[in-house]
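Coordinates in review
Single-letter residue listing:
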Amino acid sequence: MHCQTGVSQILSDTLMVNHLGQDKGLVQLNANALTQDENGFLWVGTEDGLHRFNGYEFKLFTASPNDSNSIQDDHIRGLYAKGDTLWIASNTKGILGYQLSKNTFFALKKNNKNLNLGISYGIFPLNEDFLLFSFKNYATVYNTKTKREVIVKLPTNSRESRVLDVDAINETEYIFTTSASGPLVFNIKTGIVKPFKIEGLELITQIEALVDGFLIGTITGIYTVDKQFKSLKKYVDGVSVNHISKKSEGTFFIATQVKLLEFNEVDGVTSYIVKDTSKKIYKPFTANEIVSDENGNTWFGTEGDGVVHYNSFQKKFETNRVRLNDVLKSTNINIFPFYKDTDSLLWLGSSFGVVKHNTYKNTYKLYKHKNANIIYAFAKDENNTLWAGGIFDGLLKYIPSEDRFKQYLKHPYKENTLPDNEVLEIIPMPDNKLWLCTWTGGISEFNTETETFTPILINGKRINRARISLKDSKGNLWLGTDEGLYKLNSSLEFEHHFTETAAKEKSLTSNRIFAINEDNNGFIWIGTSSGITKLNTTTLQTEKFIKQKGFPNDFVYSLLIDEANNVWVSTNKGISVLNSKTKEFKNYTSEDGLQNNEFNGKSGYKDKDGYFYFGGIDGFNKFQPSKIKDYPYQPKVYFESVELFNAPIESTLRNNDTLYFKSDENVITLNFSSLSYLNPEKTFYRYKLDNFDESWSPSTQRQNATYTNLNPGEYTFYVSASQMTGQWSDPKVLNIVVKPLWYQTIVFKILLVLCIFAMGVCIVLRETNALKRDKEKLSRLVDQRTQDLLLKNKALEKANKKTSQQKDNISFLMKELNHRVKNNLQIISSLLNIQSATVDSQAKDSLLIAKNRILAIAYIQNEIQIDQKKINVKKFIEEFVPRILQLLADDGLMKFEIIYNLKRTGFCEVNTTLLGLILNELVTNTFKYAFKTYNKDNYLKISCEKINHTLLITLEDNGCGYTLDEIKSSSLGVGLVSDMVSQLDGALETNTDNGVVNSIKIDCK
């Protein structure tokens, strides 16, 4: 055999991992065996139990003498999952099995009780049908279809032997590596095992197939050999190999007794420093088994350190930690602003002062000066001079020829001096000027030639704490302060002040501004202490983004925009990225390789090559946004358990897609999770119960949903998961059937309807028969009564005829009486008229009044029908009052105008004679006594309206009025009117303050 003895050069690298230990529920830290089932769960065997890991926590299975369904031996040495079965190599009970779908354990029956097959060590797949079980000094080949096995005895000497690893040579032959029997070749068709010797190799522990040969691990080193086992090459010497696992095509992880290696046929061997997210370094790193999946996950089962998890997509960022000779290595150095000077020179503002970083040599130099503190700003002026400003550091000018900074501080006894030693922002201006923005001294213009300072006012006021500025593509200057955002045009004239208290559609998320940037579309993005604001510079409308999924902390320190218009912001919980098109966020944390979750103010920078820089409390990250690759796999959702009335129920949900409940079992909790082993704390869920929920639930990290009072029926529950990519996984579906109670079933309801129908038919038949009997009885009674009615009808017709004749006679007599009364009233009126001509004026007035009263009664008797009970009051007044005035006009001239304000009153049941006499008296009084002479302004206003069921008639004039004595001594007839109103059950109110107003209220029925 040809053997190359040269050992390859070993490269070194760091492998960032996650530790899965007792904090996740792993009760024992010697992880002897690992496997992953077809559903994606990780299974871990320890010396004190079997564990299933779901990405969040371990579930423990232990042996219990009182539980026949528990695992028989919880000291686990080997695991292998195939289909619905988890095969378990136990310490004392041989090979055990766990059926996933039924949640039950079983023991594999032994064919030969005389053999000691209780101590088992491992399980190895040979092909689709056969498994190899490793025992003390034996191995069995088990056919998973026929359930038959072939026992293979290992060649042994005085030492105990067992199979360590298996790999295929061809379709029928397999090579076994053993602990004491050397390599063996097993023919699966014949069942014969033969020793196999590879020259130049000592005890072989592991073997893995390569494209053109095999990768071999031994107790002394790592080798490759061709398929003919003739050409041997040594790669690593002096290591004892525990396990080899394929990482990707041509690349393998190799676990040794003291460290972790990676083998690649092209690149050779890499030795890893294993470091977890808590910065713990595992040294030595002793792994017994390695398992990898298709999603970039690899798990290492270790001795004493539990399980270590690595994902190839986890480390997205490289962290640069600043190391200064003058600062202890254990001290974290905060990084603030950046300035890229040349390809190899990067200026850093740190918590200890200005730092110059040579990126080629990876060296750092700290510049010392008075009051050295946080450097908060960098800028270059038009002469290419670098300037820096800081907290208590004042203004610093870099002098390249001397490689030092000149410092400008506030002088307490000089008038022309820096107004404040806290310089937050430096803004280069034309004509050798700088604007220096300070904490309490406002903005000062510094002339770099004369070294003089001039205060700058914005909109007539001094602006403090302008910590960030931006000159946009149109030449406008934007200033971010603690009092909002100021916009100056290209001529540095004030244009607008944006605040959080402005109109909602034009407001900011907060007045405290830490970052300003402009995107490719000309929109201005503002990072504040309470979120992000997007400003449309044309409409001045704003759009606000606050804490939400993917944006767990909205205190924005820095804000950068990439070529795709995505917005990157540093916060107190990592870096969040806003997709400006979908309006969705994703978040990166220290677990993705960031220096820390906490970043610093003004610590974002983009250089001319498109690299982003973000500084924080433990260094800085530099990266190209387009090269950050997210985890491409969506979380796989599964149902963990079901609770009824907050108590778990026995139900296996893996292959069961339907659950049945009784209608009184109405408090159901569905527990779910997702198999996302990379950053599961970033996983969000949404769910929906069809036939109950109208839409998807809001995104949540809660892993359960509870429903109460579900009506009997069929429901479908959907749950989906998403990480920071914004895409949701295909939903996991569970059907829920709530069975109705016996009286809620369709069968019962149909039977109930049929029974009711039958009862109805019986009742109808019974009632029909009764009705028939009643009808016959009624018919006889009707016939009898009909004869009686006919006789009575004839008598009634005769009586009606006689009554009609009497009514006609009465009507004739009433008409004759009415005619004679009217004639007599006319005669009396004529006699009174003749008599008035022969008496004095006072008697004449009394006779005329009596005549008018009689004529009024005669008019009413003439106009109102005898049988008319109700009258239209409005129409009555309109027709009767002119008649009175006509009679009065015969005795004298009209001295006033008549005004009507009559509203519709409908018909009222009123004594028309009394109503007519009342109107006659009141109109006559106005005619005779209200006015001495005619004047066009004189008026009598008659109003009438119906309020509810009360009729209000008002007669109002603007005449001379009268007093109470005049009422008593004259013939005004007011007492008569009052008596007649009382007879109508009404009320009369008279007001003589200004003219006379008589208001009459009577019922209108």
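Residues numbered from 1 in each chain as written. Predicted model: local features only at pLDDT ≥ 70, side-chain atom pairs only at ≥ 80, totals over all residues. Heavy atoms only, no water.

As annotated in an unreviewed UniProt entry, the protein is GGDEF domain protein from Croceibacter atlanticus.

Turning to the sheet that holds strand 36 (residues 386–390), a few remarks are in order. Picture the strands of a sheet paired through backbone hydrogen bonds; they go either parallel or antiparallel. Here we have four strands laid out as an open sheet, ordered 35-36-37-38, and antiparallel in their pairing. The open sheet has two edge strands, strand 35 (375–380) and strand 38 (404–408), and neither has a second partner. In this sheet, adjacent strand axes meet at a mean angle of 25° when their direction is disregarded. Where strand 35 lies against strand 36, five bridges are found, and the strand directions are antiparallel. Within strand 36, the residue paired with Ala377 across the bridge is Gly389. (Pairing = 2+ DSSP bridges. Helix = DSSP H or I, 4+ residues; strand = E, 2+ residues; numbered from the N terminus. Axes fitted to C-alpha atoms, helices over the stretch in contact; angles between N-to-C directions.)

Glancing now at the pattern of salt bridges. Counted by the stated rule, this structure contains 34 salt bridges. Measuring nitrogen to oxygen at the nearest pair gives 2.8 Å for the salt bridge that ties Lys279 to Asp618. Remark: Asp618 occurs in the loop between strand 56 (612–616) and strand 57 (619–623) and Lys279 occurs in the loop between strand 26 (268–276) and strand 27 (287–292); sequence separation between them is 339 residues. Sharing partners across several salt bridges, the network here consists of Arg465, Arg467, Asp482 and Arg512. (Salt bridge = Lys/Arg side-chain N within 4 Å of Asp/Glu carboxyl O.)

Here the focus is unusual backbone geometry. Most peptide bonds are trans, and most residues other than glycine sit at a negative phi. A cis geometry characterises the amide bond from Lys283 onward to Pro284, with omega recorded as 0°. With respect to the secondary-structure elements, Pro284 resides in the loop between strand 26 and strand 27. At Asn432, a position not held by glycine, the phi torsion is positive, near 60°. Mapped onto the elements, Asn432 comes out in the loop between strand 39 (423–429) and strand 40 (433–438). A positive phi angle, close to 65°, is found at Leu540, a residue other than glycine. Position of Leu540 relative to the elements: it lies in the loop between strand 49 (531–535) and strand 50 (542–545).

Right, let's get into the packing of aromatic side chains. Applying the stated criterion across every chain, the model contains 67 aromatic pairs. With 4.9 Å between their ring centres and 65° between their planes, Trp347 and Tyr398 make a pair best called edge-to-face. Remark: Tyr398 occurs in strand 37 (residues 394–399) and Trp347 occurs in strand 32 (residues 345–350); sequence separation between them is 51 residues. Comparing Trp347 with Tyr398, the two get one shared label, buried. For Arg52, the ring lying beneath its charged end belongs to Phe41, and the centroid distance is 4.4 Å. Cation over ring: Lys549 sits above Trp728, and NZ or CZ is 4.1 Å from the ring centre. (Phe/Tyr/Trp six-rings, centres within 6.5 Å; stacked < 30°, edge-to-face > 60°. Buried < 20%, exposed > 50% of the residue type's maximum accessible area, 1.4 Å probe, protein only. Lys NZ or Arg CZ within 6 Å of the ring centre and 35° of its normal.)

The next subject is the state of the cysteines. Per the stated rule, a full pass over the model turns up one disulfide. Between the sulfur atoms of Cys908 and its disulfide partner Cys1004 the distance amounts to 1.6 Å. Handedness of the Cys908-Cys1004 disulfide follows from its S-S torsion of about -80°: it is left-handed. Taken together, the positions of Cys908 in strand 68 (residues 907–908) and Cys1004 in the segment after strand 72 (996–1003) put the pair 96 residues apart, joining distant regions of the chain. No difference in accessibility class separates Cys908 from Cys1004, as the two residues are buried. Cysteine Cys944 shares no disulfide, and the gap to the nearest cysteine sulfur, in Cys908, comes to 7.8 Å. (Disulfide = S-S within 2.5 Å.)

Before going further, it helps to examine the environment of Phe300. Looking at the secondary structure, you find Phe300 in strand 28 (residues 297–302). Phe300 sits in the buried class, given a relative accessible area of 0%. Sequence separation between Phe300 and Ala31 is 269 residues, and the spatial gap between their C-alpha atoms is 8.4 Å. Once you skip the residues sitting within four places of it in the chain, Phe300 turns out to touch Leu15, Leu34, Phe253, Leu260, Phe285, Ala287, Glu289, Ile290, Gly306, Val307, Val308 and Tyr310. (Contact = heavy atoms within 4.5 Å.)

Right, let's get into helix 3 (residues 873–889). For helix 3, built from 17 residues, the straight-helix expectation of 24 Å at 1.5 Å per residue is met to within 8% by its first-to-last C-alpha distance of 24 Å. Taken as a whole, helix 3 has its buried residues at Val873, Phe876, Ile877, Phe880, Val881, Ile884, Leu885, Leu887 and Leu888. Summarising the axial view, the buried residues of helix 3 lie within an arc of 155°, below the 170-degree limit, and thus occupy one face. Put simply, Asn872 is the residue that caps the front of helix 3, since its side-chain oxygen is 3.2 Å from the backbone nitrogen of Lys874. (Expected span 1.5 Å × (residues − 1). Arc of directions from axis to C-beta. Polar contact = N/O pair within 3.5 Å; in protein donor to acceptor, adjacent residues only side chain to side chain.)

What follows covers the nonpolar core. Soluble globular proteins tend to pack their nonpolar side chains together in the buried interior. Ranked by internal contacts, the top residues of the largest apolar core, which has 36 residues, are Val873, Ile877, Ile918, Leu919, Val923, Ile953 and Leu955. Those elements that place two or more of their residues in this core are helix 3, helix 4 (912–930), strand 69 (939–947), strand 70 (950–957), helix 6 (974–983) and strand 72. Ranked by residues supplied to this core, first place goes to helix 4 with nine residues. Excluding residues that lie within four positions of it along the chain, Val873 makes contacts with Thr905, Gly906, Cys908, Cys944, Leu951 and Ile953. Of all hydrophobic cores here, the second largest spans 29 residues; its members include Phe41, Ile71, Leu86 and Tyr677. (Core = buried A, V, L, I, M, F, W, Y, C linked by side-chain atoms within 4.5 Å.)

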